Amino acid sequence: MFLKNCWYIAAQADEVGRALLHRRIVGEPVVMYRTEAGMPVAFLDRCAHRSLPLSKGTLIGDTVQCGYHGMTYGADGRCVAAPGYETPPDHVRVRAFPLVEKWTYLWIWMGDPALADEDALPDFHWPARDGWTPCPGYLRIGAHYQLLLDNLLDLSHETYVHGATIGNEAVAEALPETFEKDGQVVVSRFMPSVPAPPMHVKVRGFTGAIDRHQHVFFIPPSFIDIDSRFYVAGTEDEDTGIVWRVLNGLTPETETSTHYFWNLPRGFSPGDPEMTALLHQQVTKTFEEDRGVLEAQQQMLTEDPGFEHANIPADAGPILARRLVARLLEAEAAVG
Amino acid sequence: MFLKNCWYIAAQADEVGRALLHRRIVGEPVVMYRTEAGMPVAFLDRCAHRSLPLSKGTLIGDTVQCGYHGMTYGADGRCVAAPGYETPPDHVRVRAFPLVEKWTYLWIWMGDPALADEDALPDFHWPARDGWTPCPGYLRIGAHYQLLLDNLLDLSHETYVHGATIGNEAVAEALPETFEKDGQVVVSRFMPSVPAPPMHVKVRGFTGAIDRHQHVFFIPPSFIDIDSRFYVAGTEDEDTGIVWRVLNGLTPETETSTHYFWNLPRGFSPGDPEMTALLHQQVTKTFEEDRGVLEAQQQMLTEDPGFEHANIPADAGPILARRLVARLLEAEAAVG
Amino acid sequence: MFLKNCWYIAAQADEVGRALLHRRIVGEPVVMYRTEAGMPVAFLDRCAHRSLPLSKGTLIGDTVQCGYHGMTYGADGRCVAAPGYETPPDHVRVRAFPLVEKWTYLWIWMGDPALADEDALPDFHWPARDGWTPCPGYLRIGAHYQLLLDNLLDLSHETYVHGATIGNEAVAEALPETFEKDGQVVVSRFMPSVPAPPMHVKVRGFTGAIDRHQHVFFIPPSFIDIDSRFYVAGTEDEDTGIVWRVLNGLTPETETSTHYFWNLPRGFSPGDPEMTALLHQQVTKTFEEDRGVLEAQQQMLTEDPGFEHANIPADAGPILARRLVARLLEAEAAVG
């Protein structure tokens, strides 16, 4: 069960163009394309007539023609041509989803279109921020999106899973502060004068201790924004330190899989392609380690969903987030 | 749910000989072979004793010996030898299915053997007709057999799916006449003076317009016979035209798969192996295009079986056929 | 449904050492290892905190550290370290299974640990018997363990399945004596002056007729001990004959798969590696033939579990054994 009346990242903006792109979102098949004028469009990927996926059809101008009997739909989802009709049958429609382009992403609204509201977008402006340089990536993870939320809201796992890149003893040792604020869950850690993890040494050449700040924001239903800073100990100097965001858009694909759109926009080395490539390689390595853990965990949960877990203090963030999502699901069920 | 008290094509006659052939039909495992005298035999492919498929056993004379404990069955399905018995235990039988050989096919009756009646065979004599030349083929399609019926009863899809072989604009534009007659559904199209499709140009060298006749007969539960004619426009001349039947035997394998036995017996170029090879290649290409559509459609229906489809005029044939099958299923359920 | 309050073979003793070994037993994931002192340990292979399999973690001294958040468990399953705790949380435990080492095997108790009793081990001392030489092997078979019991309790199948190694006409022809005794089912055959099967000719060079004794003991829930003797006809001479046990430990993996631990300890040619290699090769060949039958049979039963089988006299052993297991399951359900 997923929240529907909310925005999810459907694609990176540059993935969608003049070809039909299929992607499953919250369990539903979706097809996306752009009109000749560049407007992004999203439909249920299923012809209203006989269920062939429209992504197996043809994009003709601004319309999609089904590959079975030629049913043709305009960008609003209405049938504009059908065999045997001089006047197209306007009772026939394919379901269209609100789709907006912002901050290098396409955002989709899978619930009631009347409720779609751009003001409800999470603040993911960082990849498009002046003077900053984005570093986007994508992985498909075979696990429920809330397992990814749990993972990102309890970063103590960096010590055990990511010792080769972003983790070391310091993270597990520093107990975070956890609280709910303005409809978000916040998990904050400050690690003064600790060794720099391997990836950060590579990226910034730290030779001594650093002050590490880690502020994790959970924005419901499926976004994590990490404000992450690394300074030469005692300096707070951005010129020698690292200031970046780790943005995570966790779009449910099915009950056991997730589209993981990540981005690491940074405020230093602007536009440097070698730095971008290094970061992409390091983050991919890190998140592939997570994949191994998350997919094994999902298999265990699928097998025995009722297993009762023990909690530890580091679970405060994940637990708050799960409660928040549960409240939102209840509220949506009450309305719908 | 499938009709049982009716004939299905079990195999091409030359597929079954002195080896044990396994094939699943209407969900049931079947094993077939011929006796030394050449009589075709079909059993449930499951030993009555401990369920090993008999097709994993040995054909000895006219009998089948199970490969586990040596239970041996005669051509009528009765046990003729078993370990520990001097007199074979005649309470032990494997279920035998009526199987008749006719018109180059083996026809099986999966329901009550007492009701099996050769007079109920559909008229598929064309491959064995004097002066005609058959062109048989087989495909396994991952879709319910009724999706194949829908496909063949609404040939407007030829325009969109089969533009490279048998389709062009003319087919979708010509509205067919559809009616029920003598327990069959008929869909007839006449397309006077239209361009010839690519395959027919290859086969017969048409240079100008043709008159195209297309009479589709649905013979319940799972047969489509298409009387298909192509004449040089205005001539009705069989010597320069094409007269053939497109025979389709759609034997359910499971709820989501079908054995597709097709045949294209023709009245011209009798016995010409190059013509037969060309037709086989063109039809296979065409039906492989259908496979792509049908299997994608089946996946969507499996995922959301309750999806409500919109109908268009071209659906008249498929809808009549589905109603006919539903009535027959009700009648069979009332009896059984 | 499997009996839980009983011993199963979990592994050959030499399979488990200073690495984490995963194995599923009666449907449950299990991880095994040895402490630095060599004591074998078995846990549920699932971290109590967030369900990651512990076999994906790290063995550190006598403890296992989970690969996700570093939860660490001692050899008794108690948590000895967890992030955020100075004093480890002793309410957190992973389920530990009694595991004992005996007669070259590790034996596991999947039920109530309070009931675990070494005196309840089946007598499988033969591989460790003075002057005898073991010949152990392992196969994973895709079939319920009771299908393997059926197989071993009705050896008439040797004639039809194993003609190349251990079977010939003599086995199917000799009706066995079958009875229950001391909580075991016994199936005994004596075949005086019969031809030797191919494997035994290879192993012992028999040139003429032999006297063959076959005493099969079913020890609930999942053990078969075959006392198997082959003498030059009329001699009972162990020096020219074969005396060995065929031991079968059939540990349920899932409802449709079994860990098959077999052993062929012998009283002749002690310690001869070439003889051991020959036996291993012959038995593996034989049991691979069984695998083909058993897995095909399992598929049929999965597809139609309610199929009513016909019984023959040779089924007396399997039927008695199934009744015995059913009584034990009822008794365990009544207690548990």
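Along every chain, residues carry numbers that run from 1 in the direction the sequence is written. Numbering of ligands from 1 and lettering of chains from A proceed in the order in which they are written. In keeping with the model being predicted, local features are shown solely for residues with a pLDDT of at least 70 and side-chain atom pairs are shown and tallied solely at 80 or more, while totals for entire chains, interfaces and linings include all residues.

Caption draft 1: Spatial organisation of the overall build of chain A. Secondary structure counts use DSSP, requiring at least four H or I residues in a row for a helix and at least two E residues in a row for a strand, with both numbered from the N terminus. When you go through chain A residue by residue, the secondary structure sums to six helices and 18 strands. Our radius of gyration looks at C-alpha atoms and nothing else; its globule reference is 2.2 Å times the residue count to the power 0.38. Against the globule reference of 20 Å for 336 residues, chain A gives a C-alpha radius of gyration of 22 Å, in line with a compact fold. For chain A, the C-alpha atoms occupy an extent of roughly 75 × 50 × 35 Å along the three principal directions. Taking all contacts inside chain A whose residues are at least 6 apart in sequence as the whole, residues at least 24 apart take part in 56%. Two residues qualify as a contact pair if the distance between their C-beta atoms, derived from the backbone, is within 7 Å.

Caption draft 2: Broad picture of the sheet that holds strand β6 (residues 63-65) of chain C. Residue and element names in this part refer to chain C. Across the sheet, which stays open at both edges, the four strands sit in the order β5-β6-β7-β8 with antiparallel pairing between neighbours. With one partner strand each, in any of the chains shown, β5 (58-60) and β8 (79-81) form the two edges of the open sheet. Note on pairing: two strands pair once DSSP finds at least 2 bridges between them. As judged from the three bridges shared by β5 and β6, these two strands associate in the antiparallel manner. Looking across to β6, one finds that threonine 58 is bridged to glutamine 65.

Caption draft 3: Layout of the relation of the copies chain A and chain B. Note on the identical chains: chain A maps onto chain B by a rotation of 120 degrees and an axial translation of 0.1 Å, with an RMSD of 0.1 Å. Between the two chains, the operation in question is that of a three-fold axis. Each copy is superposed on the other by least squares, with the fit set by C-alpha atoms of residues at a pLDDT of at least 70 in both.

Caption draft 4: Fine view of the sheet that holds strand β7 (residues 72-73) of chain B. Strand order in the open sheet formed by four strands is β5-β6-β7-β8 (chain B), and the pairing between neighbours is antiparallel. Either end of the sheet is taken by a strand with one partner, and the two such strands are β5 (58-60) and β8 (79-81) of chain B.

Caption draft 5: View of the environment of C:Ala196. Residues and elements named next belong to chain C. Among the secondary structure elements, alanine 196 is positioned in the loop between β14 (184-194) and α4 (198-204). Along the chain, alanine 196 and glycine 167 lie 29 residues apart, while their C-alpha atoms are 8.9 Å from each other. If sequence neighbours within four positions are ignored, alanine 196 has contacts with Val201, Phe206, Ile210 and Phe230.

Caption draft 6: Main features of the domain arrangement of chain A. Residues and elements named next belong to chain A. Domain annotation of chain A identifies domain 1 (7-120) and domain 2 (129-335). Where a domain begins and ends is set by an automatic assignment or by a domain database. Taken over C-alpha atoms, the centre of domain 1 sits 33 Å from the centre of domain 2. For the side of domain 1 that touches domain 2, the secondary structure elements donating two or more residues are β1 (7-12) and β2 (21-25). Ranked by residue count, the leading element in the side of domain 1 that touches domain 2 is β1, at three residues.

Caption draft 7: Main features of the interface of chain B and chain C. Counting residues at the interface gives 17 residues for chain B, matched by 18 residues for chain C. In the scheme used here, Gly and all other residues not listed as nonpolar or charged are polar, with Ala, Val, Leu, Ile, Met, Phe, Trp, Tyr, Cys and Pro taken as nonpolar and Asp, Glu, Lys and Arg as charged. Here the residues of the side of chain B that touches chain C sort into eight nonpolar, six polar and three charged.

Caption draft 8: Highlighting the nonpolar core. Here, a nonpolar core means buried Ala, Val, Leu, Ile, Met, Phe, Trp, Tyr and Cys residues linked by C-beta atoms lying within 7 Å of one another. With C-beta atoms placed from the backbone, a residue is labelled by how many other C-beta atoms lie within 10 Å of its own: buried for 20 or more, exposed for 12 or fewer, partly exposed between the two. A:Ala10, A:Ile108, B:Ala10, B:Ile108, C:Ala10 and C:Ile108 are the most contacted members of the largest nonpolar core, which has 275 residues in total. Once you skip the residues sitting within four places of it in the chain, C:Ile108 turns out to touch C:Trp7, C:Tyr8, C:Ala10, C:Ile25, C:Ala42, C:Phe97 and C:Leu99.

Caption draft 9: Summary view of helix α1 (residues 145-153) of chain C. Burial analysis of α1(C) places eight of its nine residues in the buried class, which makes it a mostly covered element. For α1(C), the full list of buried residues reads C:Tyr145, C:Leu147, C:Leu148, C:Leu149, C:Asp150, C:Asn151, C:Leu152 and C:Leu153.

Caption draft 10: The arrangement of the interface of chain A and chain B in detail. Contacts between the two partners involve 17 residues from chain A, matched on the other side by 18 residues from chain B. Across the side of chain A that touches chain B, the residue classes tally to eight nonpolar, six polar and three charged.

Caption draft 11: Broad picture of the confidence of the model for chain A. pLDDT is defined as a per-residue confidence score from the predictor, taking values between 0 and 100. Across chain A, pLDDT averages 95, with 100% of residues at or above 70. As scored by the predictor, the complex reaches a pTM of 0.94 and an ipTM of 0.93.

Caption draft 12: Looking closely at the packing of helix α1 (residues 145-153) of chain B against helix α5 (residues 273-303) of chain B. Residue and element names in this part refer to chain B. Lines fitted to the C-alpha atoms define the axes, with helices restricted to the stretch that makes contact. Angles between their N-to-C directions range from 0 to 180 degrees. Packing of α1 against α5 leaves a shortest axis separation of 10 Å and a crossing angle of 130 degrees. Considering their axes alone, α1 and α5 lie oblique with respect to each other. The way α1 lies across α5 gives a crossing that is right-handed. Between α1 and α5, the contacting residues are Leu147, Leu148 and Asn151 on the first element and Asp290, Leu294, Gln297 and Gln298 on the second. Residues of the contact of α1 with α5, tallied by class, amount to three nonpolar, three polar and one charged. Any angle that falls under 35 degrees is termed roughly parallel, while one over 145 is termed roughly antiparallel, one within 65 to 115 roughly perpendicular, and all others oblique. In this scheme, a crossing is called left-handed if the near helix is turned counterclockwise away from the far one by less than a right angle; it is called right-handed if the turn is clockwise.

Caption draft 13: The arrangement of the pairing of strand β10 (residues 99-102) of chain C in detail. Residue and element names in this part refer to chain C. With four bridges connecting them, β10 and strand β11 (residues 105-109) associate as antiparallel partners. Across the sheet, residue glutamate 101 finds its bridge partner in β11, namely leucine 106. From the end of β10 to the start of β11, which pair antiparallel, there are two residues, and tryptophan 103 there has a positive phi angle of about 55 degrees.

Caption draft 14: Broad picture of helix α6 (residues 316-335) of chain B. Residues and elements named next belong to chain B. Here α6 spans 29 Å end to end across 20 residues, near enough to the 28 Å set by a 1.5 Å rise per residue. The set of residues buried in α6 consists of Ala316, Gly317, Pro318, Ala321 and Val325. The inward-facing, buried residues of α6 contact α1, β13 (177-181), β14 (184-194) and β15 (210-219). Working rule for helices: expected span equals 1.5 Å times residues minus one.

Caption draft 15: Local environment of the packing of α1(C) against helix α6 (residues 316-335) of chain C. All names here are of chain C. Relative orientation of the contacting elements α1 and α6 amounts to 140 degrees, with a least axis distance of 8 Å. Two packed elements cross with a definite hand, and for α1 against α6 that hand is right-handed. Here α1 contributes Gln146, Leu149, Asp150 and Leu153 to the contact with α6, which in turn contributes Gly317, Pro318, Ala321, Arg322 and Val325. Residue classes in the contact of α1 with α6 are distributed as five nonpolar, two polar and two charged.

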